[in-house]
Amino acid sequence: MTKRQQLMNTLTEFYQRPVAQASLELFLSICAVLFFAIFAIRPTLLTMSDLIKEIEDKRELSQKLDQKVAALASAQNELLSVQDRLQVVDQALPSEPKLLESLSYLEKIASDQQLVIENLTVATLPEESGRNRSARTGRKNYTINFTVQGDYPTIKRYLDQVLNVRRAFVIETVAFTTSDNRGKKSLKANVTLGVPYLEEQP
C-alpha cells in the first residue's frame, strides 16, 4: 500500500468519526455567519453610518440657522432703534434729485430773510424718477447757480441757513459784486450751490 493510499484511508476514517463531523459542521456554520455578516449586515451598518452622518449634518445646520435667526433679530432691534434717524438721513441725502424741493428750500429761506433770488439756473437738469429702487449705486450731484442782493449780514445769514436745513447743500463758490443804482450801492452774491443725492439702480 502506498503512502498516498494510507493518507486517504486515514482521512476517510477521521471524517467518519463524530468529532470530525462536528468540526465540519462548525466550520460550515462559521462560514455561513461570515457570509451573512459580509453580505447582509454590512449594508445595514453602512446605512446606519450614513444616517448618523446625516443627523450630525442636520444638527450642525440647525445650529447655524439658530445663529442666523438670532443675528437677524438683533439687527432688527438695532434698525428699530435708529429708524427715526434713518428718515433724517433720507431727507438730507435723498434717493432722487428732488429739484423742486431743493428750489423750495432756497426760496423759502430767501423769503424769510427778505431777499430776492435772481438769475436762477440749473447747470444739468437731473432726471426725476417715480419708480421704487432697491440698490444704491453712488452719490450724484447737480448744480444750482443764482444771485441774491442785499447787505452782507443778510446774505451771510441766508447762506448759513441754507447750510443748516435738513436737505444737504454744498456751497461751492460765492462771488460778491457791488453795483451803483442812482447813487445807491447794492451788494450782490453770485452763488454756486451743489446739491447731492444718491442715485439708485432699478
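Residues numbered from 1 in each chain as written. Predicted model: local features only at pLDDT ≥ 70, side-chain atom pairs only at ≥ 80, totals over all residues. Heavy atoms only, no water.

For the protein chain, the helix and strand inventory stands at four helices and four strands. Moving toward the C terminus, one meets the helices and strands of the protein chain in the order α-α-α-β-β-α-β-β. The burial tally for the protein chain puts 19% of its 202 residues in the buried class. For the protein chain, contacts bridging at least 24 residues in sequence account for 76% of all contacts bridging at least 6. (Helix = DSSP H or I, 4+ residues; strand = E, 2+ residues; numbered from the N terminus. Buried < 20%, exposed > 50% of the residue type's maximum accessible area, 1.4 Å probe, protein only. Contact = heavy atoms within 4.5 Å.)

Scanning the entire structure with this criterion turns up four aromatic pairs. On the basis of an interplanar angle of 80° and a centroid distance of 6.3 Å, the ring pair of Y105 and F169 is categorised as edge-to-face. In this pair, Y105 is assigned in helix α3 (residues 99-112) and F169 in the loop between α4 (152-164) and β3 (170-181), connecting sequence segments 64 residues apart. Ring geometry for Y152 and F176: centres 5.6 Å apart, planes at 50°, overall tilted. Taken as a pair, Y152 in helix α4 and F176 in strand β3 lie far apart in primary sequence, 24 residues in all. Overall, Y152 belongs to the partly exposed group, its relative accessible area being 46%. (Phe/Tyr/Trp six-rings, centres within 6.5 Å; stacked < 30°, edge-to-face > 60°.)

Attention now goes to the nonpolar core. The biggest cluster of nonpolar side chains holds 21 residues, and the ones touching the most others in it are L106, I144, F146, Y158 and V162. For this core, the secondary-structure elements that each account for two or more residues are α3, β2 (135-150), α4 and β4 (184-201). It is β4 that provides the largest number of residues to this core, a total of six residues. (Core = buried A, V, L, I, M, F, W, Y, C linked by side-chain atoms within 4.5 Å.)

Attention now goes to the pattern of salt bridges. This model, assessed by the stated rule, comprises six salt bridges. Across the pair D160 and K156 runs a salt bridge whose closest N-O atoms are separated by 3.1 Å. Within this pair, D160 and its partner K156 are both found in helix α4, separated by four residues, close to a single helical turn. When its relative accessible area of 41% is taken as the criterion, K156 is described as partly exposed. (Salt bridge = Lys/Arg side-chain N within 4 Å of Asp/Glu carboxyl O.)

For the rest of this paragraph, the subject is unusual backbone geometry. Here K98, not a glycine, exhibits a phi torsion of approximately 50°, which is positive. Along the chain, K98 falls in the loop between α2 (18-92) and α3. On the accessibility criterion, K98 (31% relative accessible area) is partly exposed. Positive phi is not limited to glycine here, since Q114 has a value of about 55°. With respect to the helices and strands, Q114 occurs in the loop between α3 and β1 (117-122).

Here we take up α3. Compared with the 20 Å implied by 1.5 Å per residue over 14 residues, the 20 Å span of α3 between its first and last C-alpha is a close match. Where α3 is concerned, the buried positions are L99, S102, L103, L106, I109 and A110. Down the axis of α3, the sector holding all buried residues measures 130°, keeping them to one side. In this structure, α3 carries L100, K108 and S111 as exposed residues pointing more than 90 degrees from its buried face. Once α3 finishes, Q114 follows within two positions and takes phi at roughly 55°, a positive value. (Expected span 1.5 Å × (residues − 1). Arc of directions from axis to C-beta.)

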